[in-house]
Amino acid sequence: MHDMIVHDPRCNALFIGHAKLERLYTGCRWSEGPVYFPAGRYLLWSDIPNDRVMRFDETDGSVSVFMSPCNHHNGHTRDREGRLISCEHRGRAVSRIEHDGSRTVLADRWNGKQLNAPNDVVVKSDGSIWFTDPTYGIDSDYEGDKAVSEIGASNVYRIDPATGDVSAVITDRVKPNGLAFSPDEALLYVADTGRSHVPGLPATITAYQIDADGQSAARLRLFATCPEGLYDGFRVDDEGNIWTSAGTNVFVYAPDGTHLGTLPIGEIVANVCFGGPKRNRLFICGQTSLYAIYVKISGK
Ligand code: MG
């Protein structure tokens, strides 16, 4: 366990000097997809190879299995009504758990072709759902069912809240993975982990400008390049700073791209999310374990 490493003075407004990284649970094969539910003070996350969704109860620190089997969930988020939105590798779908507990498939095809394996998902304030669709869930039987991509590409898609239509909004990434909007939703950040399939490809986060209609995106600029390992999932805090997995660390970037600080975790980090009643506790999915640390800022 290590503390934060400050690279830029602005970091002091984000990190609590004496806050310690806590390991809340260990025993997973690959942890990813954390999502916090303030109404119940619990966090769900995926243990993808074990085909289960785990549940951390913040009131007493206990951990239990929330759902198994689960179609090898990966990324999760909440929608505007507080319902769980899931990326299913084996289901090759984005689904929603309704208030009565039933499952609704929101997207499993684009242009008549089956999706690859939805990876990570965010909900915009207009209710639209944006998700990435790389091939990790169909590359082998480890995290889903091995299959050939019908689409033949890995895109970012948007589900229209009114019609349910699925449209491809970003098609220039090799393996789009984590994604998150800026606080004003003017930008969408997208990580590309394509080096897993294209040796030497830089591991990046790219910023896309959301068009005036709120429904499409245009590439704006390269936001950051990972010096070691890959960026997978990330979240944005209320000031627009990006808290991202970066190899075996969490990196914090200012909105201008400055690397503000590093939190070493000691194993590969897949994803993070803010939680707690004040949204000031950063939950971190490392490969085998769930971690958390309190920070000075709140995030979505
Ligand atoms: Mg991911």
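Above this text sits the structure in question.
Residues numbered from 1 in each chain as written. Predicted model: local features only at pLDDT ≥ 70, side-chain atom pairs only at ≥ 80, totals over all residues. Heavy atoms only, no water.

A.B. asks: Explain the sheet that holds strand β3 (residues 31-37) to me, and be specific about the residues and the numbers.
C.D. replies: A sheet is described by the order of its strands in space; here four strands give the open sequence β3-β4-β5-β6, paired in antiparallel fashion. Every interior strand has two partners, whereas the edge strands, β3 and β6 (63-67), have only one. This sheet shows a mean twist of 30° between the axes of neighbouring strands, independent of strand direction. Bridge analysis of strand β4 (residues 42-47) against strand β5 (residues 52-57) gives six bridges, and the strand direction is antiparallel. Note that in β5 the partner of Ser 46 across the bridge is Val 53. (Pairing = 2+ DSSP bridges. Helix = DSSP H or I, 4+ residues; strand = E, 2+ residues; numbered from the N terminus. Axes fitted to C-alpha atoms, helices over the stretch in contact; angles between N-to-C directions.)

A.B. asks: Could you give me a rundown of unusual backbone geometry, with the residues and numbers involved?
C.D. replies: Look at the link from Ser 68 to Pro 69: it is a cis peptide, with omega at -5°. Looking at the secondary structure, you find Pro 69 in the loop between β6 and β7 (73-78). Positive phi is not limited to glycine here, since Arg 41 has a value of about 50°. One non-glycine residue, Glu 185, lies in the positive phi region at around 60°. Note on placement: Glu 185 falls in the loop between β17 (176-181) and β18 (187-192).

A.B. asks: Quick rundown of the environment of Tyr 294? Include the residues and the values.
C.D. replies: Locating Tyr 294 in the fold gives a position in strand β27 (residues 289-294). The exposure class assigned to Tyr 294 is partly exposed, which follows from its relative accessible area of 35%. Separated by 98 residues in the primary sequence, Tyr 294 and Ser 196 have C-alpha atoms spaced 32 Å apart. Residue contacts for Tyr 294: discarding those within four places in its chain leaves Ile 16, Ala 19, Glu 22, Glu 58, Asn 280 and Arg 281. (Buried < 20%, exposed > 50% of the residue type's maximum accessible area, 1.4 Å probe, protein only. Contact = heavy atoms within 4.5 Å.)

A.B. asks: So what's going on with the pattern of salt bridges? Residues and values would help.
C.D. replies: Note that side chains of opposite charge can pair when their charged atoms are close. Per the counting criterion, the structure on display carries 20 salt bridges. The closest approach of N and O atoms between Arg 41 and Glu 58, which form a salt bridge, is 3.5 Å. Pair noted here: Arg 41 is in the loop between β3 and β4 and Glu 58 is in the loop between β5 and β6, with a separation of 17 residues, a long-range link. The class for Glu 58 is buried, based on a relative accessible area of 10%. Linked by salt bridges that have partners in common, Asp 79, Glu 81, Arg 83, Arg 96 and Glu 98 make up one network. (Salt bridge = Lys/Arg side-chain N within 4 Å of Asp/Glu carboxyl O.)

A.B. asks: Break down the coordination of the magnesium ion for me, with residues and values.
C.D. replies: Donor atoms from the polypeptide that bind the magnesium ion are Glu 32 (OE), Asn 119 (OD1), Asn 177 (OD1) and Asp 232 (OD), placed at 2.1 to 2.2 Å. In terms of primary sequence, the donors binding the magnesium ion are separated according to E-x86-N-x57-N-x54-D. Taken together, the residues span a long stretch of sequence, with Asn 119 in the loop between β12 (113-114) and β13 (121-123) and Asp 232 in the loop between β20 (217-225) and β21 (234-236) at a distance of 113 residues. Side by side, Asn 119 and Asp 232 carry an identical accessibility label, which is buried. (Donors = N, O, S within 2.8 Å, 3.2 Å for Na, K, Ca; no water.)

A.B. asks: Give a detailed account of the side chain of Thr 135, specifying residues and quantitative values.
C.D. replies: With respect to the helices, strands and loops of the structure, Thr 135 is situated in the loop between β14 (129-132) and α1 (136-139). Judged by its relative accessible area of 7%, Thr 135 is buried. Residue contacts for Thr 135: discarding those within four places in its chain leaves Asn 116, Ser 149, Ser 154, Lys 175 and His 197.

A.B. asks: Can you tell me about the nonpolar core, naming the residues and giving the values?
C.D. replies: Nonpolar side chains tend to gather and get buried jointly when the protein is soluble and globular. With 22 residues, the main nonpolar core has Trp 243, Val 250, Leu 263, Ile 265, Leu 282, Ile 284 and Ile 293 as its most contacted residues. Secondary structure elements with two or more residues in this core: β23 (249-253), β24 (259-264), β25 (269-275), β26 (281-286) and β27. The element best represented in this core is β25, accounting for three residues. Those residues in contact with Val 250 that sit more than four places away from it in its chain are Thr 244, Gly 261, Thr 262, Leu 263, Ile 265, Val 269, Val 272, Leu 282 and Ile 284. Judged by nonpolar contacts, the second largest core, of 17 residues, contains Ala 191, Ala 207, Ala 224 and Phe 251. (Core = buried A, V, L, I, M, F, W, Y, C linked by side-chain atoms within 4.5 Å.)

A.B. asks: Tell me about the packing of aromatic side chains, and please be specific about residues and values.
C.D. replies: If you walk through the whole model with that rule in mind, you get 13 aromatic pairs. Arranged with centres 5.8 Å apart and planes meeting at 75°, the rings of Phe 223 and Tyr 253 form a pair that is edge-to-face. A residue pair is termed long-range when its members are at least 10 positions apart, and Phe 223 in strand β20 and Tyr 253 in strand β23 qualify at 30 residues. By relative accessible area, Tyr 253 is classed as buried at 4%. One aromatic cluster is present, built from ring pairs that chain together Tyr 189, Phe 223, Tyr 231, Phe 251 and Tyr 253. Between Arg 55 and the ring centre of Tyr 42, over which it is positioned, the NZ or CZ distance is 4.5 Å. (Phe/Tyr/Trp six-rings, centres within 6.5 Å; stacked < 30°, edge-to-face > 60°. Lys NZ or Arg CZ within 6 Å of the ring centre and 35° of its normal.)

Taken by themselves, the reported measurements are silent on function.
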